[in-house]
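Here are the chains, one letter per residue:
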Amino acid sequence: IVMEAVKNYGDTLKHADESLKKDKTIVMEAVKSSGSSIRYASNKLKNDRLVVLEAVKNSGFALKHADESLKKDKMIVLEAVKENGIHLEYADESLKKDKTIVLAAVKNAGYALEHADESLKKDKEIVLAAVKNFGTSLIHADENLKKDKEIVLAAVKQDTYAMNMADGRLINDKDFRDYLYDLDS
């Protein structure tokens, strides 16, 4: 009965007996159905690489409930941010400095730039990918990139409100404003 319940709705694991929350087969079925149901699994299974990998493939949010050691696992974190980039928030700090991880995150959800290491907020490739996905993520970019016409243009193309996050001198640059106006026409 429990197996069928978790196959159909993984979060029913919440109501299962504690012994079943330690059963890898049951928990695997639960996370296949609902990755976030890992929060109800035993601590031992929150530290099981295969269980966590399956969970984050289904829901990147599952990374929040994984054992701390697995938040340092590049493959697990990459799967989580591919599912939804915002879950970069739950990765170990060391992976928030990893360009491959952060690039995957911001391509999926530009606003994930907020959770990237400061060093990557200065990286033009990262910031460009972020603003192309979510223009107002410009707010999290390094100040020097807020002056970069290519970055600001990409951000404004995605969301005109991003212009408010650009460096003031760029906002006051008549030629740049005219260029943006011409694009919009």
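Structure: see above.
Throughout, a residue's number is its position along its own chain's written sequence, starting from 1. Whole-chain, interface and lining totals are the exception, using all residues; otherwise, since this is a predicted model, local features are given only for residues with pLDDT of at least 70 and side-chain atom pairs are given and counted only at 80 or more. Note that water and hydrogens are dropped before the side-chain values are worked out from all heavy atoms of the structure.

Peer 1: Go over the overall build of the protein with me, naming the residues and quoting the values.
Peer 2: A run of DSSP states H or I qualifies as a helix once it reaches four residues; a run of E qualifies as a strand once it reaches two. Both are numbered from the N-terminal end. Counting secondary structure elements, the protein contains 10 helices and zero strands. Along its sequence from the N terminus, the protein presents helices and strands in the succession α-α-α-α-α-α-α-α-α-α. Each radius of gyration is computed over the set of C-alpha atoms, and the globule rule expresses the reference value as 2.2 Å times the number of residues to the power 0.38. Computed over its C-alpha atoms, the radius of gyration of the protein comes to 21 Å, more than 25% above the 16 Å expected for a compact globule of 185 residues. Over its C-alpha atoms, taken along the principal directions, the protein stretches across nearly 70 × 30 × 20 Å. The classification of residues rests on relative accessible area computed with a 1.4 Å probe and restricted to protein chains. Under 20% of the type maximum is buried, over 50% is exposed, and intermediate values are partly exposed. The burial tally for the protein puts 50% of its 185 residues in the buried class. In what follows, a contact means two residues having at least one pair of non-hydrogen atoms within 4.5 Å. Residue pairs at least 24 apart in sequence account for 39% of intrachain contacts in the protein once pairs closer than 6 positions are excluded. Residue-level accessible areas treat just the shown protein chains as cover; the underlying method is Shrake-Rupley with a 1.4 Å probe. Accessible area for the protein stands at about 9600 Å²; split by element, carbon and sulfur atoms hold 47% of it. Here the protein contributes 31 positively and 33 negatively charged side chains, and the mean placements of these two sets differ by 2 Å. Here the positive residues are Lys and Arg and the negative ones are Asp and Glu; neither His nor the chain ends is included. Charge positions come from single atoms, namely NZ of Lys, CZ of Arg, CG of Asp or CD of Glu.

Peer 1: Before we move on, can you summarise the environment of alanine 80 with the specific residues and values?
Peer 2: Following the sequence through the fold, alanine 80 ends up in helix α5 (residues 74-83). Given the relative accessible area of 0%, alanine 80 is considered buried. Taking the C-alpha atoms as reference points, alanine 80 and alanine 104, 24 residues apart in sequence, are found 9.9 Å from one another. Look past the residues within four positions of alanine 80 in its chain and what remains in contact with it is Val56, Gly60, Leu63 and His87.

Peer 1: Can you explain the packing of helix α2 (residues 24-33) against helix α4 (residues 49-58)? Please cite residues and give values.
Peer 2: Running from N to C, α2 and α4 point in directions that differ by 15°, and their axes come no closer than 8 Å. With respect to their mutual orientation, α2 and α4 come out roughly parallel. Of the two elements, α2 crosses α4, and the hand of that crossing is left-handed. Residues Lys24, Val27, Met28, Val31, Lys32 and Ser33 of α2 form the contact with α4, whose own contacting residues are Leu50, Val51, Glu54, Ala55 and Asn58. Three classes are used: nonpolar for Ala, Val, Leu, Ile, Met, Phe, Trp, Tyr, Cys and Pro, charged for Asp, Glu, Lys and Arg, and polar for all others, with Gly counted as polar. Broken down by class, the residue content of the contact of α2 with α4 amounts to six nonpolar, two polar and three charged. As a rule, the C-alpha atoms of each element are fitted with a line to give its axis, helices using only the stretch in contact, and angles between N-to-C directions run from 0 to 180 degrees. Relative orientations are named as follows: roughly parallel for angles under 35 degrees, roughly antiparallel for angles over 145 degrees, roughly perpendicular for angles from 65 to 115 degrees, and oblique for any other angle. Take the far helix as your reference; a near helix turned counterclockwise from it by less than a right angle gives a left-handed crossing, and one turned clockwise gives a right-handed crossing.

Peer 1: Just give me the short version of the pattern of salt bridges, but keep the residues and values in it.
Peer 2: One side-chain nitrogen of Lys or Arg within 4 Å of one carboxyl oxygen of Asp or Glu is enough to make a salt bridge. The final tally for this structure, using the stated rule, is 16 salt bridges. One salt bridge in this structure joins aspartate 11 and arginine 39, with 3.9 Å as the shortest N-O distance. Linking aspartate 11 in the loop between α1 (2-8) and α2 with arginine 39 in the loop between α2 and α3 (43-46), this pair joins segments that are 28 residues apart in sequence. With a relative accessible area of 14%, aspartate 11 lands in the buried category. For aspartate 48, the salt bridge identified is with lysine 24, shortest N-O distance 3.1 Å. Placement of the pair is aspartate 48 in the loop between α3 and α4 and lysine 24 in helix α2, with a sequence separation of 24 residues. With relative accessibility at 35%, the residue lysine 24 sits in the partly exposed group. The network of salt bridges with shared partners includes Lys99, Asp123 and Glu125.

Peer 1: Would you mind going over the packing of α4 against α5 in detail, with residue names and values included?
Peer 2: How two helices sit against one another is set out by the angle between their axes and by the gap between those axes. Taken N-terminus to C-terminus, the directions of α4 and α5 make an angle of 15°; their axes are 7 Å apart at the nearest point. What the angle tells us is that α4 and α5 run roughly parallel. Remark: the crossing between α4 and α5 carries left-handed chirality. Packed against α4, whose contacting residues are Arg49, Val52, Leu53, Val56, Lys57 and Asn58, the element α5 presents Met75, Ile76, Glu79, Ala80 and Glu83 at the interface. When grouped by side-chain class, the residues that make up the contact of α4 with α5 number six nonpolar, one polar and four charged.

Peer 1: So what's going on with helix α8 (residues 149-158)? Residues and values would help.
Peer 2: Within α8, the full set of buried residues consists of Ile151, Val152, Leu153, Ala154, Ala155 and Val156. In protein, a polar contact means a hydrogen-donor-capable atom and an acceptor-capable atom, both N or O and within 3.5 Å, with residues adjacent in sequence counting only if both atoms are side-chain atoms; elsewhere, any N or O pair within 3.5 Å suffices. Measuring from the backbone nitrogen of glutamate 150 back to the side-chain oxygen at the start of α8 gives 2.9 Å, which picks out aspartate 148 as the cap.

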